[in-house]
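What follows is the residue order along each chain.
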Protein chains: 2
Amino acid sequence: MANARFQRIAVLGCGLVGASWAALFLGHGYTVAAWDPDQATLDSLRSRLSRSLRQLRRLGVVGRGRLAVARDFGAAVDNADLIQENAPERIDLKRGLYRDIEAAVGPLTLIAASTSSFVWSDLAKGMRHGERLLTAHPFNPPHLVPLVELYGPDAGLVRRAAAFYRGMGKTVVVLKKEATGHIANRLASALWREAVHIVAEGIADVKDIDDALVDGPGLRWAIMGAHMTYHLGGGAGGIAAYLEHLGPGQERRWQDLGTPRLTPALRRRIVEGVLGEAGGRTIAQLERQRDRALIELLLARRRRRI
Amino acid sequence: MANARFQRIAVLGCGLVGASWAALFLGHGYTVAAWDPDQATLDSLRSRLSRSLRQLRRLGVVGRGRLAVARDFGAAVDNADLIQENAPERIDLKRGLYRDIEAAVGPLTLIAASTSSFVWSDLAKGMRHGERLLTAHPFNPPHLVPLVELYGPDAGLVRRAAAFYRGMGKTVVVLKKEATGHIANRLASALWREAVHIVAEGIADVKDIDDALVDGPGLRWAIMGAHMTYHLGGGAGGIAAYLEHLGPGQERRWQDLGTPRLTPALRRRIVEGVLGEAGGRTIAQLERQRDRALIELLLARRRRRI
């Protein structure tokens with residue numbers, strides 16, 4: 001059901017992230033205007049959307065919003081209530097885009113930046129109405145993975161945006177303070193740093209590390225967060241007992257974690273390891289397998305939500 | 001189906017980990033002798049096992065091995081082919097236990113230590129036949145989470161143990177080199193360090209960080225490892241393109257990750273956050289919810305294994 005506040009959504013940048021957002025908005029009945037500076041990307045949009053919309057229908061998301069593929073930028077943003085911006089991660093390009101948007105729309109149009117690597121204060125620099133900008137970082141693919149990480153300086157606008165995304169079943173986490181990598185990419189980056197260290201130290205290879213994650217902590221983290229997991233690791237005393245008895249051990253282990261350098265030799269080992277793990281499957285095949293598995297997990301979690 | 005090589009398993013230490021191992025062995029038809037120095041722990045074992053065995057039946061693990069609750073240590077290890085050791089994480093206690101085992105059994109009995117915090121060379125010190133010891137670290141609860149991390153100096157024994165655990169459907173990862181925390185707890189520790197840093201910096205609270213993990217990277221890591229995820233993050237060029245274009249950005253982000261100290265004030269915030277997240281649910285209730293959700297996810301992954 002479309003949110004009363006935002007009816008017309010403009011999607012700027014229709015690569016992987018933008019197209020996935022567009023599918024989610026359409027599946028929830030919103031009117032979407034999509035624009036991309038690359039004509040071929042726009043030409044293929046409808047066919048790329050059809051698979052994502054089929055996937056959403058499996059999850060019970062069956063709305064049929066109206067899609068307009070906009071011939072020019074002005075037509076896309078005209079009358080938009082919310083602009084989901086998915087330009088490449090180049091600060092000059094994004095700032096230029098915001099300048100163009102502000103020249104084209106009234107001051108009430110909200111801009112949600114899907115950025116993973118920039119923070120709000122980087123992006124808002126030079127804007128006339130910076131408060132209308134939010135960072136709204138999804139996780140790939142945005143139409144399937146629930147998380148959206150929000151940050152903006154205007155609490156009222158953040159609340160409105162949060163209600164909009166939650167209305168589509170998204171899990172919205174609002175940052176109290178902006179941070180590079182927001183929350184989830186910081187966690188992922190911290191984990192991967194240690195994964196790379198384990199490869200560099202010759203403790204285990206790429207595939208074994210991935211297997212250990214998927215069939216160990218990854219499986220559990222699809223159900224229960226890291227803090228809550230340690231709550232259950234503390235026995236009857238919970239997290240307080242854990243911190244009391246095992247906190248010092250964790251602090252010692254933190255000292256022992258690695259800070260690898262991605263040297264050419266180490267990169268080669270990672271590339272070889274990943275290609276071996278992929279076992280000849282193309283990126284497109286892996287994406288399809290991932291998406292099908294994600295849908296099964298999402299359906300399973302609905303039956304047993306913790 | 002029981003492995004031809006190991007028929008009689010002794011489970012030493014019947015707390016959470018030991019009882020869960022015992023259930024798995026019994027479900028796969030093995031003969032299990034269980035012992036614990038605490039009589040109350042032994043007395044409650046059969047009733048604690050019945051829930052785990054019911055859970056295993058939901059997963060199609062329907063064997064009915066014979067359980068002997070051993071009155072004394074000698075009776076438990078006598079004639080055991082493999083001893084799964086689950087004593088508390090105290091090095092003196094474990095070394096004493098291995099001394100007692102070696103005095104009681106022949107040189108061919110394998111000892112698998114469920115240890116999370118010690119490495120093989122710590123544990124084997126002082127043993128007569130150290131090569132018969134392996135570290136075999138499961139993830140809680142061992143009867144549901146597939147991962148077992150193995151390390152031992154004798155490649156042939158490691159292969160035999162790996163075949164034994166794999167015969168029960170476990171995912172076995174063999175370390176090439178021993179490492180404190182093996183693989184998965186190093187990854188978990190690295191992630192949690194950053195989670196604690198995010199709390200300490202006031203970027204987000206405990207529950208929001210847990211939510212971001214569970215509905216973001218955690219969900220994906222239940223399907224696909226960290227390296228493979230970046231392979232898909234590299235576009236058509238895969239992991240090589242990712243490392244080329246985004247590797248330097250990751251190295252910069254690594255510099256920005258935190259190294260928090262678990263001060264009393266920070267511990268209090270974590271405890272309050274976790275208790276708020278638990279929302280009055282007891283540890284036992286949370287464990288039951290976790291186990292039910294794990295079973296649903298395991299069944300879902302069988303339908304769409306990547």
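Residues numbered from 1 in each chain as written. Chains lettered and ligands numbered in written order. Predicted model: local features only at pLDDT ≥ 70, side-chain atom pairs only at ≥ 80, totals over all residues.

Next up on the list: the interface of chain A and chain B. With 92 residues of chain A at the interface, the matching set in chain B holds 92 residues. Counting residues per element, the side of chain A that touches chain B draws most heavily on helix H14 (residues 283-303) of chain A, at 14 residues. In terms of residue class, the side of chain A that touches chain B is made up of 51 nonpolar, 18 polar and 23 charged. (Contact = placed C-beta atoms within 7 Å. Helix = DSSP H or I, 4+ residues; strand = E, 2+ residues; numbered from the N terminus. Nonpolar A, V, L, I, M, F, W, Y, C, P; charged D, E, K, R; others polar.)

What follows is about the pairing of strand S6 (residues 133-138) of chain B. All names here are of chain B. Most of S6 sits inside the fold, with six of its six residues counted as buried. The side-chain alternation of S6 yields two buried faces, one formed by Leu133, Thr135 and His137 and the other by Leu134, Ala136 and Pro138. Judged from the three bridges that link them, strand S5 (residues 110-113) and S6 form a sheet pairing that is parallel. Note on S6: the bridge partner recorded for Ala112 is Leu134. Bridge count for S6 against strand S7 (residues 147-151) is four bridges, and the pairing is antiparallel. Across the sheet, the residue bridging to Thr135 is Tyr151, located in S7. (Buried ≥ 20, exposed ≤ 12 C-beta atoms within 10 Å, placed from the backbone. Pairing = 2+ DSSP bridges.)

All names here are of chain A. Their axes nearest at 9 Å, the elements helix H1 (residues 16-27) and helix H3 (residues 45-58) cross at an angle of 55°. With respect to their mutual orientation, H1 and H3 come out oblique. Crossing of H1 over H3 shows right-handed handedness. Of the residues in H3, those touching H1 at Ala19, Ser20, Ala22, Ala23, Leu26 and Gly27 are Leu45, Arg48, Leu49, Ser52, Leu53 and Leu56. Its residues placed into classes, the contact of H1 with H3 shows eight nonpolar, three polar and one charged. (Axes fitted to C-alpha atoms, helices over the stretch in contact; angles between N-to-C directions. Parallel < 35°, antiparallel > 145°, perpendicular 65-115°, else oblique. Left-handed = near helix turned anticlockwise from the far one by under 90°.)

All names here are of chain A. Here chain A is partitioned into domain 1 (8-174) and domain 2 (185-303). On a C-alpha basis, the centroid separation for the pair domain 1 and domain 2 is 29 Å. Opposite the seven residues of domain 1 that make contact, domain 2 presents five residues. Residues belonging to the side of domain 1 that touches domain 2 are distributed by class as follows: four nonpolar, two polar and one charged. (Domains from an automatic or database assignment.)

Pairing within the open sheet is mixed, and its eight strands lie in the order S3-S2-S1-S4-S5-S6-S7-S8 (chain B). Where the open sheet ends on each side, the last strands, each with one partner, are strand S3 (67-69) and strand S8 (171-174) of chain B. Averaged over neighbouring strand pairs, the angle between their axes works out to 25° when direction is ignored. The sheet contact formed by strand S4 (residues 82-85) of chain B and S5(B) spans four bridges and is parallel. By the bridge assignment for S5(B), B:Leu82 is matched with B:Leu110. Relative to the sheet, helix H9 (residues 206-214) of chain A contacts S7 and S8 of chain B, its axis offset from that of S8(B) by approximately 140°. Sitting on the sheet, helix H5 (residues 91-104) of chain B touches strand S1 (8-12), S4, S5 and S6 of chain B, and the angle it makes with S5(B) is about 165°.

Looking now at the sheet that holds strand S7 (residues 147-151) of chain A. Read across the sheet, eight strands follow the order S3-S2-S1-S4-S5-S6-S7-S8 (chain A) without closing on themselves; strand pairing throughout is mixed. The open sheet has two free edges, formed respectively by strand S3 (67-69) and strand S8 (171-174) of chain A, since each of these has just one partner strand. Shown here is a sheet whose adjacent strand axes are inclined to one another by a mean of 25°, direction ignored. Docked against the sheet, helix H9 (residues 206-214) of chain B engages S7 and S8 of chain A, running at close to 140° with respect to S8(A).

With that out of the way, let us pick up helix H12 (residues 238-256) of chain A. An α-helical turn contains 3.6 residues, so any two residues separated by three or four positions project in the same direction. For H12(A), with 19 residues, the first-to-last C-alpha span of 25 Å sits near the 27 Å given by 1.5 Å per residue. Residue A:Leu246 marks the point of greatest curvature in H12(A), where the axis turns by about 60°; the proline A:Pro248 follows within four residues. Along H12(A), the residues classified as buried are A:Gly238, A:Ile239, A:Tyr242, A:Leu243, A:Gly247 and A:Arg253. Structurally, H12(A) contributes buried residues whose contacts are with helix H11 (226-233) of chain A together with helix H8 (184-200), helix H13 (264-278) and helix H14 (283-303) of chain B. (Expected span 1.5 Å × (residues − 1). Bend = angle between axes of the 7 residues up to and from the residue.)

Right, let's talk about the relation of the copies chain A and chain B for a bit. To go from the first copy of the chain to the second, apply a rotation about an axis and then a shift along the same axis. Aligned on chain B, chain A shows an RMSD of 0.0 Å; the corresponding rotation is 180° and the shift along the axis is 0.0 Å. Taken together, the rotation angle and the small translation identify this as a two-fold axis. In this assembly the copies share their binding face: 100% of the residues contributing to the interface of chain A also contribute to that of chain B. (Least-squares fit on C-alpha atoms with pLDDT ≥ 70 in both.)

What follows deals with unusual backbone geometry. A cis amide bond links A:Asn140 with the next residue in sequence, A:Pro141, at an omega value of -10°. Examined against the element boundaries, A:Pro141 turns out to sit in the loop between strand S6 (133-138) and S7. With a phi close to 70°, B:Asn79 is a non-glycine residue in the positive phi region. Looking at the element boundaries, B:Asn79 is found in the loop between helix H4 (73-77) and S4. By C-beta crowding, B:Asn79 is classed as partly exposed, having 14 other C-beta atoms within 10 Å.

Further remarks concern H5(B). With 14 residues, H5(B) should reach 20 Å at 1.5 Å per residue; the first-to-last C-alpha distance of 20 Å fits that figure. On the buried face of H5(B), the contacting elements are S1, H4, S4, S5, helix H6 (120-124) and S6 of chain B.

Glancing now at the environment of B:Arg128. Residue and element names in this part refer to chain B. Following the sequence through the fold, Arg128 ends up in the loop between H6 and S6. Residue classification places Arg128 among the exposed residues on the basis of 10 C-beta atoms within 10 Å. Placed 25 residues apart in sequence, Arg128 and Ala103 show a C-alpha to C-alpha distance of 9.6 Å.

Moving on, we get to the nonpolar core. Counting 195 residues, the largest nonpolar core has A:Ala22, A:Ala34 and B:Ala22 as its most contacted members. Filtering out sequence-adjacent residues up to four positions away, A:Ala22 remains in contact with A:Val11, A:Cys14, A:Val32, A:Ala34 and A:Leu49. (Core = buried A, V, L, I, M, F, W, Y, C linked by C-beta atoms within 7 Å.)

Residues and elements named next belong to chain A. Within strand S1 (residues 8-12), five of the five residues are buried, which leaves it mostly tucked inside the rest of the structure. Along S1, one buried face is formed by Arg8, Ala10 and Leu12 and the opposite face, lined by Ile9 and Val11, is buried too. By the bridge criterion, five bridges tie S1 to strand S2 (residues 31-35) in an arrangement that is parallel. Its bridge partner being in S2, Leu12 is matched across the sheet by Trp35. The parallel pair S1 and S2, bridged by H1, forms a crossover whose chirality is right-handed. In this structure, S1 lies alongside strand S4 (residues 82-85), joined through four bridges in parallel fashion. Its bridge partner lying in S4, Val11 is registered against Gln84. (Right-handed = clockwise from strand over helix to strand, strands pointing away.)

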